[in-house]
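Summary of structural features
So you can see what is in the structure, the chains are spelled out below.
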Amino acid sequence: MNIESLKSDLGGLKIIDSPNLVRLKSRDAFYFSPILKPELDHVIADLVVVPQSEAEVLRTVRACFAHDVPVTVRGGGTGNYGQAMPLSGGVVLDLSEMTEIIEIAPGRVVAQAGAIISDIDKAARAHSMQELRMHPSTAHTATIGGFVAGGSSGIGSIQWGGLRDPGNIIRLRVITMEAEPRVIDLHGDDLQKVAHAYGTNGIITEVEMPLSTAYDWVDMIVEFDDFVEATEYANDLGSQDGILTKLISVIAAPIPFQTFKRHQRFMTEGKHVVLLMAAPHGMMPLLAFTAHYPGKIAFRSDEVADLKGIPPVFELSWNHTTLRAMKVAPGMTYIQSLYPYPNQVASVAKTYEMFGDEVPHHLEFLRFDGNVTCFGLSMVRHTTDARLNEIMRQHDAAGVPVFNPHRYTLEEGGMKQTDELQLAFKKETDPKGLLNPGKMVAWDDPDFDYADDKVYLYPGIKKPAG
Ligand SMILES: Cc1cc2nc3c(=O)[nH]c(=O)nc-3n(C[C@H](O)[C@H](O)[C@H](O)COP(=O)(O)OP(=O)(O)OC[C@H]3O[C@@H](n4cnc5c(N)ncnc54)[C@H](O)[C@@H]3O)c2cc1C
């Protein structure tokens, strides 16, 4: 790779090559993992290109292909497994200035991939009281392209399921990494080729996403003395088809009181909480439903006169729970798991009993294959990497599969097997393997064995300077 010749080919484009800024743009939220942190800390691109249009993306791709320079796409850089980190150096293609919201129509929005998710929601709300079906808790900083390429589900998934569910993405416009790059529109089953592929087999420049009705969602915190009772309430509420909610999270004591600083004055120390976002017209049935459970409503955003300084409750949920806990308890990390339907409540009770305060439990309820169940985003008081691996193994053994968030590859963080569709698409769109190298094991090492604890170490990782 010849970076100086590449630079001269890219004359006229916005390029960042000051080492501090390049380093900043080469990092994401990988520090969530005590395993990834030392492994990836030194990773740095050679330069950052910030295209302003699809034509500039095409120019960059042509030049990088000609010079054999790897390209790692970046949106907001909020991914938390090092997905957006350029393991082999090369170019970080920063799409954060391609932010146009192109069209809003009944039930759908078309936007450039670099549009910030909350900006899309704001525009759709102003246009016709609509909003995206789901968003990550990083909606204020993450891009829609990054969510599609690196995210999975979030606030809204209790109604709509995950991004992988048919209908939750309508269309993606993708640029290939070839001598003469192609621009392809993907629909239907073909969306699975690039959704959650970490930009390893195409650069998404435009997305078309479905919209639903926007409401002035009411934020609530319901407190419980008993964690399993809180889980039962959350599970039962999620199954109430007539009560419209956008978020149902359960977080075990002592985390909520210790870490939700701005809400602390409404809360009681030592309680487990259920966080809710509820449609205003559903409040009466929700209150009636809640009265049948031993929970106490500690906070309702529609009853607080001045909400200044109080974050939306979704910024206490999903990975924001871990983020807040990490600030208060250094050494805190997390795991990701699925509590399979229909035994989710019994399985939660089991893992809660198994690990106690070493693994403060955190659940996000959602529709998964049409059934209401929960993901575990439980926190872990980290001691050693061996113990962290052991905790994950014990979850798996208890019938609670773990999606390991301490790995940077698609397969190890996912189903621990090759995604043949994504691999085949990469062969078609990225013959030199220049897109986000090191993130798809099947491309680099088709025979890799995903046996317990075996970690894939990408041989092409750029060595630390010095
Ligand atoms: C505090 C916190 C809370 C979070 N909450 C959630 C949550 O609720 N749900 C959830 O799913 N995730 C969550 N995440 C992970 C992450 O924030 C989201 O997935 C987010 O949508 C990523 O968007 P981004 O623009 O920051 O993507 P980036 O981090 O920039 O990129 C993510 C991946 O997608 C690739 N990529 C980015 N843009 C493109 C593109 N245009 N074309 C091709 N590839 C591309 C990158 O190379 C990278 O592999 C959270 C992370 C943090 C730190």
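Residues numbered from 1 in each chain as written. Predicted model: local features only at pLDDT ≥ 70, side-chain atom pairs only at ≥ 80, totals over all residues. Heavy atoms only, no water.

The chain is annotated in an unreviewed UniProt entry as FAD-binding oxidoreductase of Harenicola maris.

Observations concerning the overall build of the chain
Within the chain, the regular secondary structure consists of 15 helices and 19 strands. Against the globule reference of 23 Å for 466 residues, the chain gives a C-alpha radius of gyration of 22 Å, in line with a compact fold. The principal-axis extent of the C-alpha atoms belonging to the chain is close to 70 × 50 × 40 Å. Looking at the chain residue by residue over its 466 residues, the buried ones come to 59%. Counting contacts in the chain only where the partners sit at least 6 residues apart, residues at least 24 apart contribute 73% of the total. Both charge centroids of the chain, one from 42 positive and one from 59 negative side chains, sit 5 Å from each other. (Helix = DSSP H or I, 4+ residues; strand = E, 2+ residues; numbered from the N terminus. Rg over C-alpha atoms; globule rule 2.2 N^0.38 Å. Buried < 20%, exposed > 50% of the residue type's maximum accessible area, 1.4 Å probe, protein only. Contact = heavy atoms within 4.5 Å. Lys, Arg positive; Asp, Glu negative; His and termini not counted. Charge placed at Lys NZ, Arg CZ, Asp CG, Glu CD.)

With respect to the packing of helix 8 (residues 227-238) against helix 12 (residues 344-355)
In the contact formed by helix 8 and helix 12, the axes pass within 10 Å of each other and the chain directions differ by 155°. Considering their axes alone, helix 8 and helix 12 lie roughly antiparallel with respect to each other. Helix 12 is crossed by helix 8, and the crossing has right-handed handedness. Contact residues: helix 8 offers F227, V228, T231, E232 and N235, while helix 12 offers Q344, V345, V348, A349 and Y352. Tallied by class, the residues present in the contact of helix 8 with helix 12 amount to six nonpolar, three polar and one charged. (Axes fitted to C-alpha atoms, helices over the stretch in contact; angles between N-to-C directions. Parallel < 35°, antiparallel > 145°, perpendicular 65-115°, else oblique. Left-handed = near helix turned anticlockwise from the far one by under 90°. Nonpolar A, V, L, I, M, F, W, Y, C, P; charged D, E, K, R; others polar.)

Examining helix 8
An α-helix turns once every 3.6 residues. As a result, residues three or four positions apart point the same way. Spanning 12 residues, helix 8 covers 17 Å between terminal C-alpha atoms, matching the ideal 16 Å at 1.5 Å per step. Those residues of helix 8 that fall on the buried side of the exposure criterion are F227, A230, T231, Y233, A234, N235, L237 and G238. Where helix 8 starts, the residue carrying a side-chain oxygen 3.1 Å from the main-chain nitrogen of V228 turns out to be D226. (Expected span 1.5 Å × (residues − 1). Polar contact = N/O pair within 3.5 Å; in protein donor to acceptor, adjacent residues only side chain to side chain.)

Comments concerning the site of the ligand
With respect to spatial proximity, 37 residues lie near the ligand, and among them V73, G76, T78, T143 and S153 are the closest. S152 places a main-chain nitrogen or oxygen 2.8 Å from an oxygen atom of the ligand. If the ligand stood free it would expose 970 Å²; the protein chains cover 97% of that surface. Listing elements by their share of the shell around the ligand, those giving two or more residues are strand 3 (71-74), helix 6 (144-150), strand 10 (203-213) and helix 11 (318-328). Per element, the largest residue contribution to the shell around the ligand is five residues, and it comes from helix 6. (Near = heavy atom within 4 Å. Areas by Shrake-Rupley, 256 points an atom, 1.4 Å probe, with all protein chains shown as cover.)

Here we look at the environment of G356
Residue position: G356 is located in the loop between helix 12 and strand 17 (362-368). Along the chain, G356 and A252 lie 104 residues apart, while their C-alpha atoms are 9.8 Å from each other.

Things to note about the pattern of salt bridges
Under the definition given, this model contains 31 salt bridges. Note that R171 and D185 form a salt bridge whose closest N and O atoms lie 2.9 Å from each other. Taken together, the residues span a long stretch of sequence, with R171 in strand 8 (residues 171-175) and D185 in strand 9 (residues 183-186) at a distance of 14 residues. Take D185: its relative accessible area is 35%, and that puts it in the partly exposed class. (Salt bridge = Lys/Arg side-chain N within 4 Å of Asp/Glu carboxyl O.)

A few points about the sheet that holds strand 4 (residues 91-94)
Strands sit in the order 1-2-4-3 across an open sheet of four strands; the sheet is mixed. The sheet terminates laterally at strand 1 (15-16) and strand 3, the two strands that pair on one side only. (Pairing = 2+ DSSP bridges.)

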